[in-house]
Amino acid sequence: MTPPRPVWREPLAHTRADFPLLERTIDGHPIVYLDSASTAPKPRCVIDAITRVLSGHTANVHRGVHTLADEITGEYEAARLRIATFLNASPAEIVFTRNATEGVNLVAHGLGLKADDEVVLPALEHHSNFLPWRVHARAVPVGLSEDGYPLYDDVGEALSNRTRLLALAHVSNTAGVVAPIESWIATAHSRGLPVLVDASQSASHVPIDVRALDCDFLVFSGHKLLGPSGIGVLYGKRELLERLALYQTGGGMVRYHGNERFEVHDVPLRFEAGTPNIEGAIGLAAAVSYLDRLGMDTVSTHSHALGKHLIEGLRTVPGARVVAGSAPVERRIALVTFVLDASGLAPESVARLLCDRHQILVSGGYHCAHILHHRLNLEGTVRVSASVFNTHDEVERVVSALREIVG
Ligand SMILES: Cc1ncc(COP(=O)(O)O)c(C=O)c1O
């Protein structure tokens with residue numbers, strides 16, 4: 001007799017109706033979208049917010065002197081306030097960027113680092129939180145365990161009198177585990193060093209309170225947080241933002257421009273040169289409001305439950321090897337990368353098969369983390385990543401599809 005199937009709690013299954021993308025089919029079958037770490041589907045309220053701005057509220061911000069310009073400037077700044085509240089920051093500390101990558105580059109550029117200055121980071125960081133530090137200074141990676149989990153406790157050994165900053169992902173896009181950022185922040189601050197937290201993968205899975213964390217900078221992209229692409233956020237403590245060198249110059253960030261000199265606006269506008277992504281900012285605020293309505297505690301409980309389910313499911317797939325599989329399961333979010341040794345297939349081929357045979361959409365490749373894959377001697381991994389609308393039933397489907405692929 002087959003054992004009874006466990007009854008899964010699906011506290012967010014009702015959200016599926018909010019995502020038009022989930023109505024898509026491939027070869028007549030509904031898709032299973034498990035690629036939100038790459039970019040997430042958008043709920044209808046985000047789509048509606050953008051459409052509303054584009055159809056009835058087009059005007060430039062901080063420039064015009066007419067009713068529509070006043071309205072849109074108000075909405076743009078309300079979006080900043082909305083996002084500040086989400087992070088427990090003040091609006092002056094929220095800079096709108098293009099994405100997380102631009103946020104890291106802005107800080108790496110603005111700190112005025114010298115070539116022999118050092119930035120300490122885990123070796124598995126995404127290219128976007130690695131290369132900017134390499135370009136502007138020297139990146140000093142903290143080692144990894146055999147299965148790719150960062151040896152966070154070794155941070156002290158990586159610090160030197162040349163260290164200028166610590167940078168780490170709140171949740172790595174390959175390990176899928178909430179990092180002990182509090183201990184890195186405490187270590188850094190005990191030496192008077194700032195910390196940049198890359199919240200690209202965490203911001204839509206776990207609550208973030210920048211004041212409680214006391215982090216100095218934090219970045220994320222809108223498109224992974226159920227918002228539009230082309231918009232991101234850099235949070236920085238006001239006094240630190242004020243000390244950063246200008247990143248880009250042009251219209252919008254300047255208060256006065258005369259023959260002899262120019263005068264720039266205070267933060268955050270001094271970092272928003274040129275016409276910003278107005279509808280992107282308002283769409284992102286709608287995404288943040290949506291997550292808040294669901295409740296970040298509920299979202300986080302669901303993500304942890306799906307992450308645990310994924311790990312347990314992968315244990316039943318012969319030869320599945322999980323990156324950072326030794327990490328504490330209770331710190332795992334709904335994002336897992338792995339290889340299928342027994343399949344003899346490249347990760348890209350596994351992802352292709354999942355799509356073509358099962359309409360399950362996942363990532364396959366290096367996930368912008370080459371150093372991690374080189375250290376683990378892997379030519380890529382498969383990544384399954386869920387969001388609020390995914391269900392335990394879908395986790396079961398991907399696990400059984402993987403079992404079928406292994407054969
Ligand atoms: C952990 C992490 N950091 C940074 C990024 C870069 O995000 P974006 O390409 O939106 O700038 C990503 C994107 O995959 C990521 O997963």
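Focus on the overall build of the protein
Of the regular secondary structure elements, the protein holds 13 helices and 17 strands. Since a compact globule built from 407 residues should have a radius of gyration of about 22 Å, the 22 Å found for the protein is in line with a globular shape. Projected onto its principal axes, the C-alpha positions of the protein cover 80 × 55 × 35 Å. A buried classification covers 56% of the 407 residues belonging to the protein. A separation threshold of at least 6 residues defines the contact pool for the protein, and within that pool the share at least 24 residues apart is 68%. As displayed, the protein offers around 17,000 Å² of accessible surface, 51% of which is attributable to carbon and sulfur atoms. Between the mean site of the 37 positive side-chain charges and the mean site of the 45 negative ones, the protein shows a separation of 1 Å.

Regarding the pattern of salt bridges
Under the definition given, this model contains 21 salt bridges. Two residues, R16 and E394, come together in a salt bridge whose shortest N-O distance is 3.2 Å. Placement of R16 in the segment before β1 (25-26) and of E394 in helix α13 (residues 392-406) is noted, with a sequence separation of 378 residues between them. Since its relative accessible area comes to 26%, R16 is described here as partly exposed. Residue E272 pairs with R80 through a salt bridge whose shortest N-O separation is 2.7 Å. A residue pair is termed long-range when its members are at least 10 positions apart, and E272 in the loop between β12 (262-264) and α9 (278-294) and R80 in helix α2 (residues 67-87) qualify at 192 residues. With a relative accessible area of 8%, E272 lands in the buried category. Residue class for R80 comes out buried when judged on its relative accessible area of 1%. Linked by salt bridges that have partners in common, D116, D117, R162 and R164 make up one network.

Regarding helix α3 (residues 100-110)
Burial analysis of α3 places 8 of its 11 residues in the buried class, the great majority of the element. Along α3, the residues that are buried comprise A100, E102, G103, V104, L106, V107, A108 and G110. Close packing links the buried residues of α3 with β4 (94-97), α4 (131-136), β8 (195-198), β9 (217-221), β10 (232-236) and α8 (238-243). Residue N99 occupies the N-cap position of α3, its side-chain oxygen lying 3.3 Å from the main-chain nitrogen of T101.

Points about the pairing of strand β11 (residues 254-257)
Sheet analysis places β11 next to β12, joined by 3 bridges and oriented antiparallel. Note on β12: the bridge partner recorded for H257 is F262. Hairpin connection between β11 and β12: a loop of 4 residues separates the two successive antiparallel strands.

Section: the side chain of S128
Topologically, S128 is positioned in the loop between β5 (118-122) and α4. Reaching out from S128, the side chain makes a polar contact with the side chain of T101 at a distance of 2.8 Å.

What about the packing of helix α10 (residues 296-314) against α13?
Taken N-terminus to C-terminus, the directions of α10 and α13 make an angle of 20°; their axes are 10 Å apart at the nearest point. Of the possible angle classes, the one that applies to α10 and α13 is roughly parallel. Where α10 crosses over α13, the handedness of that crossing is right-handed. Side by side, α10 and α13 meet where A305, L306, H309, L310, G313 and L314 of the first sit next to H392, V395, E396, V398, V399 and L402 of the second. Here the contact of α10 with α13 is composed, by residue class, of 8 nonpolar, 3 polar and 1 charged.

Things to note about helix α1 (residues 44-56)
A rise of 1.5 Å per residue sets the reference length of α1, with its 13 residues, at 18 Å; its end C-alpha atoms lie 18 Å apart and thus fit the reference within 8%. Taken together, the buried positions of α1 are occupied by V46, A49, I50 and V53. The arc enclosing the buried residues of α1, seen along the axis, measures out at 90°, which places them on a common side. As for α1, its buried residues are in contact with α2 and α9.

A word on the site of the ligand
Every residue close to the ligand is listed here: N99, A100, T101, H126, S128, N173, D198, S200, Q201, S221, H223 and K224. Side-chain polar atom of S200 to a nitrogen atom of the ligand: 3.3 Å apart, as the coordinates give it. Q201 places a polar side-chain atom, nitrogen or oxygen, 2.7 Å from an oxygen atom of the ligand. The fraction of the free accessible surface of the ligand (390 Å²) that becomes covered by protein chains is 87%. A class-by-class count of the residues in the shell around the ligand yields 1 nonpolar, 9 polar and 2 charged.

Thresholds applied
- In this convention, every chain numbers its residues from 1, walking through the sequence in written order.
- Since the coordinates come from a predicted model, pLDDT governs what is reported: local features require at least 70, and pairs of side-chain atoms require 80 or more to be given and counted, while whole-chain, interface and lining totals use all residues.
- Side-chain figures throughout are based on the complete set of non-hydrogen atoms in the structure, without hydrogens or water.
- Runs of E in the DSSP output that reach at least two residues are strands. Runs of H or I that reach at least four are helices, and both are numbered from the N terminus.
- Only C-alpha atoms enter the radius of gyration, while the globule expectation follows 2.2 Å times N to the 0.38, with N the number of residues.
- Think of it in three bands: residues with accessible area under 20% of the maximum for their type are buried, residues over 50% are exposed, and the middle band is partly exposed, with areas taken using a 1.4 Å probe on protein chains only.
- Note on contacts: a residue pair is in contact if any heavy atoms of the two residues lie within 4.5 Å.
- Each accessible area is a Shrake-Rupley estimate made with a 1.4 Å probe; only the visible protein chains count as cover when residues are assessed.
- In this tally Asp and Glu are treated as negative and Lys and Arg as positive; neither His nor the chain ends contributes.
- Where a charge lies is defined by one atom per residue type: Lys uses NZ, Arg uses CZ, Asp uses CG and Glu uses CD.
- Basic side-chain nitrogens of Lys or Arg form a salt bridge, by our definition, when they fall within 4 Å of a carboxyl oxygen of Asp or Glu.
- Polar contacts, as counted here, are pairs of nitrogen or oxygen atoms within 3.5 Å of one another; within protein the pair requires one atom able to donate a hydrogen and one able to accept it, and residues that are adjacent in sequence qualify only if both atoms are side-chain atoms.
- Two strands pair if DSSP finds at least two bridges between them.
- For helices, the fitted axis covers only the stretch in contact; all axes are lines through C-alpha atoms, and the angles between them, taken along N-to-C directions, range from 0 to 180 degrees.
- With respect to orientation, any angle under 35 degrees is reported as roughly parallel, any angle over 145 as roughly antiparallel, any angle of 65 to 115 as roughly perpendicular, and every other angle as oblique.
- Crossings are sorted by hand: turned counterclockwise from the far helix by less than a right angle, the near helix makes the crossing left-handed, and turned clockwise it makes it right-handed.
- Gly falls in the polar group here, along with every residue not listed as nonpolar (Ala, Val, Leu, Ile, Met, Phe, Trp, Tyr, Cys, Pro) or charged (Asp, Glu, Lys, Arg).
- Helix span, as expected, comes to 1.5 Å for every residue beyond the first.
- Think of the arc as the fan of directions from the helix axis to the C-beta atoms.
- Note on terminology: near, applied to a residue and a molecule or strand, indicates that one of the residue's heavy atoms is within 4 Å of it.

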